[in-house]
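An overview of the molecular structure
The chain contents come next:
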Amino acid sequence: MPVSATNWADEVDGEDQPQTFTDANGITTIIEYRTNDDGKKVKVTRRTQKKLIHDVVNKAVAARKKWPKFGKEKGNKPGPDPATTNVGDNIKLKLSSTGQVVQEVDEQHEAMKAQLQNKKILCRICKGDHFTTKCPYKDSLGMEDAAAPASAPAEDAAPAAEQQTGSKYIAPHMRAGASSDSKAGSGSGDREKRDEQPTLRVTNLSEDATEADVSELFKRFGHISRVFLARDRETGFCKGFAFVSFTMREDAQRAQEAIDGRGYDNLILRVEWAKSSA
Amino acid sequence: MRPILLQGHERSLTQIKYNREGDLLFSVSKDHVVNAWFSHNGERLGTYEGHIGAVWTVDVNSTSTLLVSGSADNTAKIWDVSNGKCLKSWEFNTAVRRVQFSEDDKMVLIVTEPRMGFPATLQIFNVENGLTEPISSEPLYNFLPEGPKITVAAWSALNRYIIAGRENGSVVLIDAESGSIYSTNKIHELTITDLQMSADRTYFITSSKDKSAKVVETESLEVLKTYSTDTPLNSAAIMPKVQEFVVVGGGQEAMDVTRTSSRQGKFECRFWHKILEEEVGRVRGHFGPINTIAIHPDGRSFASGGEDGYVRVHHFDDDFFTFKFQI
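The notes below deal with the structure included here. (Residues numbered from 1 in each chain as written. Chains lettered and ligands numbered in written order. Predicted model: local features only at pLDDT ≥ 70, side-chain atom pairs only at ≥ 80, totals over all residues. Heavy atoms only, no water.)

For the rest of this paragraph, the subject is the overall build of chain B. Regarding its fold elements, chain B presents two helices and 28 strands. Here chain B, with 327 residues, has 61% of them falling under the buried criterion. As presented, chain B carries roughly 12400 Å² of accessible surface, and 47% of it is formed by carbon and sulfur atoms. (Helix = DSSP H or I, 4+ residues; strand = E, 2+ residues; numbered from the N terminus. Buried < 20%, exposed > 50% of the residue type's maximum accessible area, 1.4 Å probe, protein only. Areas by Shrake-Rupley, 256 points an atom, 1.4 Å probe, with all protein chains shown as cover.)

If you want it as structure tokens, here you go:
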């Protein structure tokens, strides 16, 4: 297909010079082309009409306008000086006949608004722009997510949180690559083996759930190699989450799909793939 | 409406005044300077320099040729309005609290404070042809009014009386020739902070620290109207045209301001219906108490000066002129 020498899109280039024309009514139209901040060319059309207004002023007032400035203003050019004269914010004088003119604005609310003007509100649970306490997902996913990292360092079976924490203190024998003594060595070997297994993280378990309950729930999908239920150290109650390792990835996949979102002990379970500790 | 902010002063305003045509606005403050402004755009015409103390009061004559100012440096000065030259300086024993030109521009009324054993004086000077001839240093009259301190004073029609407001809240009618007190009426509970005459001088408005402003008949000193607010008032003015309003302003005492927010301070100009004694509107903006209010002689704009050092000139919007009070 032959390309024409002048593209239709380029034709306006010739009109870059501002155009001015005046019509019969005395309205002057000025058309300009300029490039905006985005690099796009924009057409600006302005229509102006000049009108000569005659104003009758007092002779004395007119004479005073011609007085030369004196004192601190001596020698300054006519017109308001921005150093001494400014225009303030627009103020509405609302006249009312009722005698009720008190426009009280909730002061506390205003103060709070001013305080938070520059702060971004971020929910710790769902990262939405509302307070954590007002989060609609607080009950379904909030508590567990918040609880998980807190309890993770206590149990070495919670692999997810351990490696993420860059600033948190980790004991030397638990650090990655530190395997000086035999016990730690065997432990890390154990962990490696475990990491290879397909593992599900089950959250939002009720407080009185046990390992037996969890394995009862999941064993129908396939062979379970290990169940770990996080328990509170003092009370021995379930902390609300557990890890279930399957031998077969397919089984784990089916279990995840089936149980996720299911009700259990009046709570809706959440099942997801456990993050690898590696 | 968008107010024009005049920042010609470094300290709190004490008085502002329009000239007769309203094209010029004079402001004085505690920073020793007198400023002259064009009221329509806020341009500063010039400054009158020479005082070495806080300037308490200012007035301009009806032809806008002479300006008188009274200061805490124990002087009152006459200035040439057009070029800022000081034409006369009177020395007193104490600070000058109030000055005013008489209705015919021939005389100036000066009120001095009682202090350090000196009694309060009410002096009248002749300033006729003051622009061309030297002004006498001797007063025409020097009255020593008895009783509580006089805070404000004004001439009545035809220079017959001098109306004065006292620290104890009473107003007195003083004969302008003999200095004798005709009548007294205690209309306020606390000190009178401002007294402004109506256009025809048959009545005047007073503002007081007792949170009220009152319209008083000149001859009888009878209270005609009362406007009660919730804050001490520093100034009150009568709108001469357009609307039957009075404007009052004040706010919490300056010494208490830092302890509260500006909203609680009630630093607003309040518009009251002059006859029906109903509040009709408020104009906020100052972040300190309002010390002085002046209304343009044609009623199209008004100005307020505050403890915050600003003068705010407000030109009314169109709806102000069409407003009708519904009863």
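What follows is about helix H7 (residues 249-259) of chain A. Residue and element names in this part refer to chain A. Here H7 has its buried residues at Asp251, Ala252, Ala255, Gln256 and Ile259. Each buried residue of H7 lies within a common arc of 135° when the element is viewed along its axis, so the set occupies one face. Of the residues in H7, the exposed ones pointing more than 90 degrees away from the buried face are Glu250 and Glu257. Buried residues along H7 sit against strand S5 (199-203), helix H6 (211-218), strand S7 (238-246) and strand S10 (270-273). Where H7 ends, the next residue or the one after it, Gly261, has phi of about 85°, a positive value. (Arc of directions from axis to C-beta. Contact = heavy atoms within 4.5 Å.)

The subject of this paragraph is the side chain of Thr112(B). Residues and elements named next belong to chain B. Within the fold, Thr112 resides in strand S11 (residues 107-112). One polar contact links Thr112 to Thr121, side chain to side chain, over a distance of 2.3 Å. Setting aside anything within four residues of it in sequence, one finds Thr112 in contact with Phe92, Thr94, Ala95, Val96, Arg97, Ala120 and Thr121. (Polar contact = N/O pair within 3.5 Å; in protein donor to acceptor, adjacent residues only side chain to side chain.)

Next up on the list: a nonpolar patch on the surface. Residue and element names in this part refer to chain B. Taken together, Ile275, Leu276 and Ile327 make up a surface patch of nonpolar side chains, about 340 Å² in accessible area. Counting through the fold element by element, Ile275 comes out in the loop between strand S24 (269-273) and strand S25 (279-283). Judged by relative accessible area, Ile275 falls into the partly exposed class, the value being 42%. (Patch = residues over 30% accessible without salt bridge, like charges linked within 9 Å, V, L, I, M, F, W, Y side chains within 5 Å. Salt bridge = Lys/Arg side-chain N within 4 Å of Asp/Glu carboxyl O.)

Turning next to the nonpolar core. Phe271(B) and Phe302(B) are the most contacted members of the largest nonpolar core, which totals 20 residues. Within the residue set of this core, elements represented by two or more residues are strand S23 (245-250), S24, S25 and strand S26 (290-295) of chain B. Of the residues forming this core, the biggest block, three residues, is contributed by S26(B). One finds Val202(A), Phe218(A), Cys238(A) and Ala252(A) within the second-largest nonpolar core, a separate group that totals 19 residues. (Core = buried A, V, L, I, M, F, W, Y, C linked by side-chain atoms within 4.5 Å.)

On to the side chain of Thr75(B), then. Take Thr75(B): it is sitting in strand S8 (residues 75-80). With sequence-adjacent residues up to four places away left out, Thr75(B) is seen in contact with His51(B), Ser69(B), Gly70(B), Ser89(B), Trp90(B), Glu91(B), Phe92(B) and Val96(B).

To continue, consider H6(A). Residues and elements named next belong to chain A. Those residues of H6 that sit buried are Val214, Leu217 and Phe218. Buried residues of H6 fall within an arc of 85° about the axis and therefore sit on the same side. Buried residues along H6 sit in contact with S5, strand S6 (224-231), S7, H7, strand S8 (263-264) and S10.

All right, on to the interface of chain B and chain A then. Taken together, the contact pairs 53 residues of chain B with 38 residues of chain A. Both sides of the chain B and chain A interface together cover about 3800 Å² of buried area, and 54% of this is carbon and sulfur. Put simply, chain B and chain A have five salt bridges between them. Two residues, Arg64(A) and Glu21(B), come together in a salt bridge whose shortest N-O distance is 2.6 Å. Of all elements in the fold, only strand S1 (4-6), strand S4 (34-38), strand S5 (44-48), helix H1 (262-265), S25 and helix H2 (318-322) of chain B reach the threshold of two or more residues within the side of chain B that touches chain A. Of the residues belonging to the side of chain B that touches chain A, the class tally is 20 nonpolar, 17 polar and 16 charged. Note: strand S4 (residues 85-87) of chain A against S1(B), three bridges, orientation antiparallel. (Buried area = accessible area lost by both parts, 1.4 Å probe. Nonpolar A, V, L, I, M, F, W, Y, C, P; charged D, E, K, R; others polar. Pairing = 2+ DSSP bridges.)

Residues and elements named next belong to chain A. The antiparallel open sheet is built from four strands, whose spatial order is S6-S7-S5-S10. Each having just a single partner strand, S6 and S10 make up the two edges of the open sheet. Neighbour-to-neighbour, the strand axes of this sheet turn through a mean angle of 20°, independent of strand direction. In this structure, S5 lies alongside S7, joined through five bridges in antiparallel fashion. When the bridges of S7 are listed, Leu200 appears paired with Val244. Against the sheet, H6 touches S5, S6, S7 and S10, its axis set at about 140° to S6. Where H7 meets the sheet, it contacts S5, S7 and S10, and its direction lies at approximately 150° from that of S10. (Axes fitted to C-alpha atoms, helices over the stretch in contact; angles between N-to-C directions.)

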